Amino acid sequence: MTSTDSSADPAAPQSAFHSLSEYVALPRLGGLALSPAADRLTTTVSSLSPDGKTYVGSLWQLDPSGADQPRRLTRGTSTEGSPAYLPDGTLLFTAKRKDPEDKDAAEVTGLWALPAGGGEATLVVARAGDVGAVAVARESGTVVVGVDVLPGADPDDADRRKARDEAGVTAILHETYPVRHWDHDLGPGEPRLLFLDAPGAGRAQTVREIPLPERSRLEDHALSPDGKLLAATLTVPTAAAGASRSVILVVDTADGTERFQLDAGEDDFDSPTFRPDGGALLCLRHSPSSYDDPPIPALWELDLRTGTGRGPSPDLTLWPHAPAYSSYGAAAYFVADEQGRAPVFRVDLADGTTTRLTSAGAHSDLAVAADGSAIYAMRSGYDAPPHPVRLDPRTADQDGVPVPAPGDVGPLPGTLTEITTPADDGVPIRSWLVLPEGATTEHPAPLLLWIHGGPVMSWTGWSWRWNPWLMAARGYAVLLPDPALSTGYGVDFVKRGWGAWGARPFTDLMTATDACCARPDIDESRTAAMGGSFGGYMANWVATHTDRFSAIVTHASLWALDQFSGTTDLSFYWQREFGDPDTQPDRYDANSPHRYADAITTPMLVVHGDRDYRVPIGEGLRLWWDLRRRDIDAKFLYFPSENHWVLTPGNARVWYETVDAFLARHVLGLPWQRPTLL
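Residues numbered from 1 in each chain as written. Predicted model: local features only at pLDDT ≥ 70, side-chain atom pairs only at ≥ 80, totals over all residues. Heavy atoms only, no water.

(A) A look at the overall build of the protein. A tally of helices and strands in the protein yields 11 helices and 38 strands. Expressed as lengths along the three principal axes of its C-alpha atoms, the size of the protein is roughly 70 × 60 × 60 Å. Expressed as a percentage of the 678 residues in the protein, the buried residues total 55%. A fraction of 56% describes how many contacts in the protein between residues 6 or more apart in sequence connect residues 24 or more apart. Summed over all atoms, the accessible surface of the protein reaches about 27,200 Å², with 49% contributed by carbon and sulfur. (Helix = DSSP H or I, 4+ residues; strand = E, 2+ residues; numbered from the N terminus. Buried < 20%, exposed > 50% of the residue type's maximum accessible area, 1.4 Å probe, protein only. Contact = heavy atoms within 4.5 Å. Areas by Shrake-Rupley, 256 points an atom, 1.4 Å probe, with all protein chains shown as cover.)

Quick look at the structure:
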C-alpha cells in the first residue's frame with residue numbers, strides 16, 4: 001500500500017495516521033508556563049497556517065485543576081512563544097505583530113504583555129533584530145529579555161540594519177568559531193540582554209543593557225527572585241584553537257558587576273535556576289568528552305553566600321537535565337533518560353536521597369507550584385504526544401493526572417510493546433516495538449528498523465518527525481532499539497560504543513533485529529533499515545556491512561568522517577572523540593562508512609537538506625556520487641530549503657510519500673510510484 005489517502009483501504013481501521021493530510025494538520029503542544037498563583041498554565045499550540053505551508057504557534061490557557069476547558073489566548077499571524085508570568089498574573093510573550101496603539105505602524109518583533117484579566121496585548125519592548133527568551137524575577141517582577149544586536153551598535157540598531165539592507169550587504173565578518181549552529185548562521189547580530197524595570201501590564205518603565213564579556217555567546221539566563229542577580233550561560237573560547245565551552249556568569253543587574261563565575265577546568269555549566277530564597281543557584285555541570293570518555297553531566301549547586309559548590313547527587317549514573325528547585329528549596333527536581341523513558345526525579349539536597357516520581361513516559365518543561373502542592377510537566381511516550389500532567393512532589397512512580405489541553409491525536413493504528421535481548425557480551429539491549437493492527441502468525445508484518453540520532457540519546461518519547469505510527473498505518477512493524485551509545489542505561493553503556501561507532505552499536509542493532517525477527521508476527525524476509533543523523537550514519541554502516549535488508553533509507557547522514565569533522569558546525573566537539581584527523585586518523589579510517597562503499601548491494605534512498613549545518617550537505621552529495629558511480633540502485637531526495645530536519649508540512653508529506661513508495665518497491669515488491677509533487 002503506497003497511497004497516503006485514508007480511503008485506499010476501506011476495511012482498515014481509520015486514524016489520522018492513515019492520511020498524511022490529516023496527520024500534518026494535528027495540533028502540536030510545546031512548553032509550559034505556570035502563573036504565580038498556580039491557577040493558570042500556558043502552553044504553545046502549533047497549528048497549520050491558513051495556507052497550509054507552515055506552522056503557527058498560539059498561546060493557550062489551561063486550568064491546572066482540570067475543571068475548565070482549554071482557552072485560546074492569542075491569534076497572531078506569526079508564532080507567539082516564550083510565555084512567562086509577572087507576579088501580578090500578566091502574561092509576557094514574544095511575537096511579531098502590529099502595535100494596537102499605533103495603527104500606522106508595521107509589524108515589529110517584540111515582547112508583549114497580556115493582562116491577567118484579559119484584553120488586548122500591549123507592546124513592552126521591540127527591536128529591529130530578534131527578541132528571544134524571557135526571564136522574570138518572581139518577586140520584584142523585573143524582566144531580562146534577550147535581543148539580537150549588530151556588533152558595536154546600541155541595542156536599538158534599526159538604522160544600521162536599514163543601512164545594510166539598502167546597501168545590499170548580507171556579509172558577516174567572523175572573528176571566533178563557530179560560524180553556524182544547527183540550521184542558522186551566527187551573526188551578524190550578537191546576543192545582548194535588556195533589563196526591564198517591572199513592565200506590569202503596560203510598557204516598560206526603563207530599558208537598559210546588561211553588559212556581557214566580549215567574545216562570548218549567550219545561551220540561556222535566569223533572574224534571582226528579587227531581580228538583583230542575573231545568571232547567564234555563556235559560550236566562551238578555550239585555549240584550544242577553535243574550541244569553546246559554557247560557563248555561568250552571575251552578575252549584579254544594577255551595574256553588571258560580576259559576582260560569581262562557574263568556571264572549573266574544562267567543565268561546562270548550563271541551565272541555571274535560582275533557589276526560591278535567592279541564596280543558591282542550581283545548574284548542570286558536564287565533564288568534557290575526550291578520546292577515552294564521553295561527557296558526564298551532573299547536578300551542581302552554588303552557594304551564593306559562600307561561593308562554594310557541590311554535587312548534591314554524586315552517585316547518580318543517569319544524565320540529568322531540566323533542573324528545578326522545589327518550592328522551598330529543600331529539594332531539586334530533574335528529568336533523566338532511563339530505560340527508554342524520561343522520568344521526573346526528586347533529590348533531597350540535605351542527604352542526596354533520590355526518588356523517581358514517575359513510572360512511565362518522557363517528561364520535560366517542569367513547572368513547580370510556589371506553594372509546593374504540585375509539579376506540572378509535559379509528558380509524552382511512543383503511544384502519546386506531549387500533554388501536560390500534574391504530579392505530586394513526593395509520590396514515587398506515579399502516573400500523573402492529565403490536565404485538559406488541545407492535541408488529541410485519536411486512536412493509534414497498532415500497539416506498543418518492548419523487547420529486550422542480551423548482546424554477545426551479556427549486556428541487555430532494550431527496544432520499543434510498534435506492531436501494526438492485523439500482525440499475526442498467519443499474517444506477519446514487514447519490519448522497519450529505525451535507528452536513533454544523537455548518538456548520545458535514546459528513543460524515549462513522541463516524535464512528530466520520525467513517527468512510527470505513520471508506517472504502522474501502512475502495515476509495517478517498527479523496531480526502535482537503544483544500542484551502545486544510548487542514554488538511560490548508565491555511563492558504561494555509552495562507553496561501549498565511544499569512538500567505535502561501527503562496532504558495538506552495529507552489533508547491538510543486529511542483535512535487536514534478530515530478536516525481533518524471531519517473533520512469529522514479524523516477516524523476516526521483508527525488512528528495511530532507516531535512520532537520521534547518527535541514525536543515518538548507522539544506516540550507511542549497515543549498508544556497507546550486511547545485505548540482510550531489502551532497502552535502506554539514510555537521512556542527514558554522516559558518510560566520510562574526516563570530511564564531516566571539519567565541515568560540521570562544532571568540529572572541536574567531534575574531534576574530542578575521534579582525535580585530530582591529521583595526527584590520529586585511526587578512528588576515522590576504521591569507522592567511516594565511505595571506505596566500505598564497494599560492499600553496498602542494498603537499494604538506498606538518500607535524503608538531505610541544504611541548510612543542514614550539523615551534517616552539511618556535502619555528506620549527502622558525496623554519498624550520492626559514490627552510489628551513482630558504483631551503479632547502486634538508489635534515489636536522492638533533496639530539500640533545498642530544509643535543515644537537519646524536514647519541518648514544513650508540505651515537505652514532511654513528500655518525505656513520507658517518498659519513503660513509503662521506496663519501501664513499497666523494495667520491501668513489498670510493488671511497482672515504483674513517484675510522488676505526484678515530485
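(B) Here's a closer look at the side chain of serine 289. When you line up the elements, serine 289 lands in the loop between β20 (280–287) and β21 (296–303). In this structure, serine 289 is in contact with Pro294, Pro295, Trp498, Tyr573 and Arg576, ignoring residues within four places of it in sequence.

(C) Structural view of the pattern of salt bridges. This structure, assessed with the given rule, holds 32 salt bridges. Notably, a salt bridge pairs aspartate 263 with arginine 245, separated by 2.5 Å at the nearest N-O pair. Taken together, the residues aspartate 263 in the loop between β18 (258–262) and β19 (268–274) and arginine 245 in strand β17 (residues 244–252) connect sequence positions 18 residues apart. When its relative accessible area of 35% is taken as the criterion, aspartate 263 is described as partly exposed. Residue class for arginine 245 comes out buried when judged on its relative accessible area of 12%. Linked by salt bridges that have partners in common, Asp424, Asp425, Arg496, Arg504 and Asp508 make up one network. (Salt bridge = Lys/Arg side-chain N within 4 Å of Asp/Glu carboxyl O.)

(D) Representation of the packing of aromatic side chains. This structure, assessed with the given rule, holds 23 aromatic pairs. When the centroid spacing of 5.8 Å and the interplanar angle of 45° are considered together, the rings of tyrosine 23 and tryptophan 464 count as tilted. Here tyrosine 23, found in helix α1 (residues 20–24), pairs with tryptophan 464, found in the loop between β33 (445–451) and α3 (468–472); they are 441 residues apart in sequence, far enough to count as distant. The pair tyrosine 23 / tryptophan 464 is uniform in exposure class, with both members buried. One aromatic cluster is present, built from ring pairs that chain together Trp501, Phe534, Tyr537, Trp541, Phe564, Tyr573, Trp574, Phe578, Tyr588 and Tyr596. The cationic tip of arginine 28 hangs over the ring face of tyrosine 23; the distance from NZ or CZ to the ring centre is 5.6 Å. (Phe/Tyr/Trp six-rings, centres within 6.5 Å; stacked < 30°, edge-to-face > 60°. Lys NZ or Arg CZ within 6 Å of the ring centre and 35° of its normal.)

(E) Just helix α8 (residues 571–578), in detail. Counted residue by residue, α8 has 6 buried out of 8 residues, so it is predominantly covered. Those residues of α8 not exposed but buried are Ser571, Phe572, Trp574, Arg576, Glu577 and Phe578. Of the surrounding secondary structure, the elements contacted by the buried residues of α8 are β17, α7 (561–567) and α9 (586–591). Of the residues flanking the end of α8, it is glycine 579, one or two places downstream, whose phi is positive at about 95°.

(F) Expanded view of the environment of glutamate 266. Of note, glutamate 266 is situated in the loop between β18 and β19. We classify glutamate 266 as partly exposed; its relative accessible area is 43%. The spacing of glutamate 266 and histidine 286 is 20 residues in sequence and 9.0 Å in space, taken between C-alpha atoms. Setting aside anything within four residues of it in sequence, one finds glutamate 266 in contact with Thr238, Arg245 and Pro288.

(G) Region of interest: the confidence of the model for the protein. Averaged over every residue, the pLDDT of the protein is 93; residues scoring 70 or more account for 97%. Considering only residues more than four positions removed or in separate chains, one finds that residues 1–10, a stretch of pLDDT under 50, has 27 contacts. (pLDDT = per-residue confidence, 0-100.)

(H) Seen up close, empty space enclosed by the protein. Evaluation of the coordinates by the stated rule reveals 1 cavity of 30 Å³ or more. Taken as a whole, the largest cavity encloses approximately 50 Å³ of empty space. Those elements that provide at least two residues to the lining of the largest cavity are α7 and α8. No other element matches the 3 residues that α7 contributes to the lining of the largest cavity. When the residues that make up the lining of the largest cavity are grouped by side-chain class, the tally is 7 nonpolar, 1 polar and no charged. (1 Å grid on protein atoms, 1.4 Å probe; cavity = no way out; pocket = protein on both sides within 12 Å on 5 of 7 lines; lining within 4 Å. Points joined across faces, edges and corners; volume = space filled by probe spheres on them. Nonpolar A, V, L, I, M, F, W, Y, C, P; charged D, E, K, R; others polar.)

(I) Summary view of unusual backbone geometry. Backbone torsion omega between tyrosine 177 and proline 178 reads 5°, so that peptide bond is classified as cis. For the peptide bond that leads from glycine 454 to proline 455, omega is 5°, which places it in the cis range. Position of proline 455 among the secondary structure elements: in the loop between β33 and α3. Look at glutamine 339: it is not a glycine, yet its phi comes out positive at around 50°. Within the fold, glutamine 339 resides in the loop between β24 (331–336) and β25 (344–348). Of note, the phi angle at alanine 556 is positive, near 45°, even though the residue is not glycine. Relative to the helices and strands, alanine 556 resides in the loop between β36 (551–555) and α7.

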